[in-house]
Amino acid sequence: MSPAGNRSMSAPEWAMLLALSDLWGGSFFFTGIALSELPPLTLVVLRVGLAALILNLVLPLTGLRLPRGLRIWTACLGMSLLNNVLPFCLIVWGQTHIASGLAAILNATTPLFTVIVAHLLTADERMTGNRLAGVLVGLGGVAVMVGPTALAGLSAGLLAQLAVLGAALSYAFAGVFGRRFLRLGVPPLAVAAGQVTMSTLVLLPVALAVDRPWTLPIPGAPVWGAVFGIATLSTALAYVLYFRILARAGATNLSLVTFLIPVSAILLGALVLGEHLEPRHYLGMALIGCGLAAIDGRLLRRVSRVTRELNSRLSASPRR
């Protein structure tokens, strides 16, 4: 396999990235239902716990097993802290003080942080001008999609905003940190199972102490359905895709999913919940598309090549 680095993603990798954005975008739908009867930390524990159970049951069916060895489990612990425990807790706490739209804008800074972190900590994912321009344009698209109303409380809840930015930075470090599993030779399914297993072990005592879930009323069937959906689709299956894309396309390319998640969430809301798409949503998606094209670089290289060929032909044609 060629190094992920700064290369453009292939069509199958783009397909996996789009599928991952749909799975994580759909989590907003499931979360909205589940939070009507469950506190945030309990929902997070159920999400990672059920995902861990599912993945641990699936592993033997595929001829795989949980990773073994202190080195690998230490890496799984680090990945769980960077990719689940820390960002989930920061975002949940942040959203108790700021609007979800503002949190979405702040969380969409993950690719920008990833470009910087990958540039500093890797040898093959160096920052380029088109990547930096692309993440800035894409971030502008996310801001347009969420709309100006999300910025109404920008002067309040500074710590909450910093918390969500901290979560985005944590995701960036997770993308770079997770590259080591390819070197360790751990299959993506085993990495996903190890990560959510460690996340469950870390978060369970926190949720028990804070939420005291045994004192809560038993949720209804719609809530359990939402929990099952977010655990199986938005977590178990999503993280299998996450680690497969990370191994094949690199941390910076993987971070593009944070631009696509708001698109998926809005489209799912329109299709499933009957929500209306406004003109700013289409403008935002267009800007996001431009940002993705700049970061991927393939379209820009084709345009540059065509331009050079045309200039060459014009300069070679006989003058009259």
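Going by the structure above, here's the rest.
This one's a predicted model, so the numbers in the text were calculated from it and none came from an experiment.

**Student:** I'd like a description of the overall build of the protein, backed by residues and values.
**Tutor:** When helices and strands are tallied, the protein shows 14 helices and zero strands. Reading the helices (α) and strands (β) of the protein from amino to carboxyl end gives α-α-α-α-α-α-α-α-α-α-α-α-α-α. For the protein, the proportion of its 320 residues judged to be buried stands at 48%. Taking contacts inside the protein between residues at least 6 apart in sequence as the whole, the part at least 24 apart equals 89%. Only carbon and sulfur atoms are counted for the fraction: they give 70% of the accessible area of the protein, which is about 15,500 Å².

**Student:** An account of the packing of helix α2 (residues 40–61) against helix α9 (residues 188–211) is requested, with residue identities and associated values reported.
**Tutor:** Contact pair α2 / α9: the axes reach a minimum separation of 8 Å and the direction vectors enclose 150°. One way to sum up the angle between α2 and α9 is to call them roughly antiparallel. Handedness of the crossing formed by α2 with α9: left-handed.

**Student:** Describe α9, and please don't skip the residues or the numbers.
**Tutor:** Taking 1.5 Å of rise per residue, the 24 residues of α9 would be expected to cover 34 Å, and the 32 Å separating its terminal C-alpha atoms lies within 8% of that figure. Taken from the residues just after α9, Arg 212 is the one with a positive phi, measuring 45°.

**Student:** Any details on the nonpolar core? Residues and values, ideally.
**Tutor:** Among the nonpolar cores identified, the biggest contains 69 residues, and Leu 17, Leu 20, Tyr 242 and Phe 243 are the most heavily contacted of them. Sort the elements by how many residues they give to this core and helix α10 (residues 221–249) lands first, with 10 residues. Residues contacting Leu 20, with those up to four places away along its chain left out, are Ala 238, Leu 241, Tyr 242, Ile 245, Leu 254 and Val 257. Grouped together as the second largest cluster of nonpolar side chains are eight residues, Ala 34, Leu 43, Val 223 and Ile 230 included.

**Student:** Give a detailed account of α2, specifying residues and quantitative values.
**Tutor:** Over its 22 residues, α2 runs 32 Å from end to end, which matches the ideal 32 Å to within 8%, given 1.5 Å per residue. Among all positions of α2, only Leu 41, Thr 42, Leu 43, Val 44, Val 45, Arg 47, Val 48, Ala 51, Ala 52, Leu 55 and Leu 59 are buried. Gly 63 lies just past α2 and shows a positive phi near 80°.

**Student:** Account for the side chain of Arg 47, with residues named and values stated.
**Tutor:** Mapped onto the elements of the fold, Arg 47 is located in helix α2. The side chain of Arg 47 is buried and forms no salt bridge, while Asp 22, the nearest opposite charge, is found at 14 Å. Of the polar contacts made by the side chain of Arg 47, one reaches the backbone oxygen of Ser 234; its length is 3.1 Å. Apart from residues no more than four positions distant in its own chain, Arg 47 is found in contact with Trp 24, Ser 27, Phe 88, Ile 230, Ala 231, Ser 234 and Thr 235.

The rules behind each value
- Going along each chain's sequence as written, the residues are numbered from 1 onward.
- Two thresholds apply to this predicted model, a pLDDT of at least 70 for residue-level local features and 80 or more for giving and counting side-chain atom pairs, whereas whole-chain, interface and lining totals are computed over all residues.
- Side-chain descriptors were evaluated using all non-hydrogen atoms of the structure, hydrogens and water having been removed beforehand.
- Going along the chain from the N terminus, every DSSP run of H or I of four or more residues is numbered as a helix, and every run of E of two or more is numbered as a strand.
- Relative accessibility under 20% of the residue-type maximum defines a buried residue, over 50% an exposed one, and the middle range a partly exposed one, all with a 1.4 Å probe and only protein chains included.
- Residues count as neighbours in contact if any of their non-hydrogen atoms are within 4.5 Å of one another.
- For the area figures, the Shrake-Rupley method with a 1.4 Å probe applies, and any residue is considered shielded solely by the protein chains shown.
- Note on method: axes are straight lines fitted to C-alpha atoms, helices fitted across the in-contact stretch only, with angles between N-to-C directions ranging 0 to 180 degrees.
- By definition in this entry, angles of less than 35 degrees are roughly parallel, angles greater than 145 are roughly antiparallel, angles of 65 to 115 are roughly perpendicular, and the rest are oblique.
- It is the rotation of the near helix from the far one that decides the hand of a crossing: anticlockwise by less than a right angle makes it left-handed, clockwise makes it right-handed.
- One less than the residue count of a helix, multiplied by 1.5 Å, gives the span that helix is expected to have.
- By nonpolar core is meant a set of buried Ala, Val, Leu, Ile, Met, Phe, Trp, Tyr and Cys residues that side-chain atoms within 4.5 Å join together.
- By the counting rule applied here, Lys and Arg register as positive and Asp and Glu as negative, while His and the ends of each chain are not counted.
- Here a salt bridge means any side-chain nitrogen of Lys or Arg lying within 4 Å of a carboxyl oxygen belonging to Asp or Glu.
- Here a polar contact is taken to be a pair of N or O atoms separated by no more than 3.5 Å, where protein atoms must pair a possible hydrogen donor with a possible acceptor and residues adjacent in sequence count only if both atoms sit in side chains.

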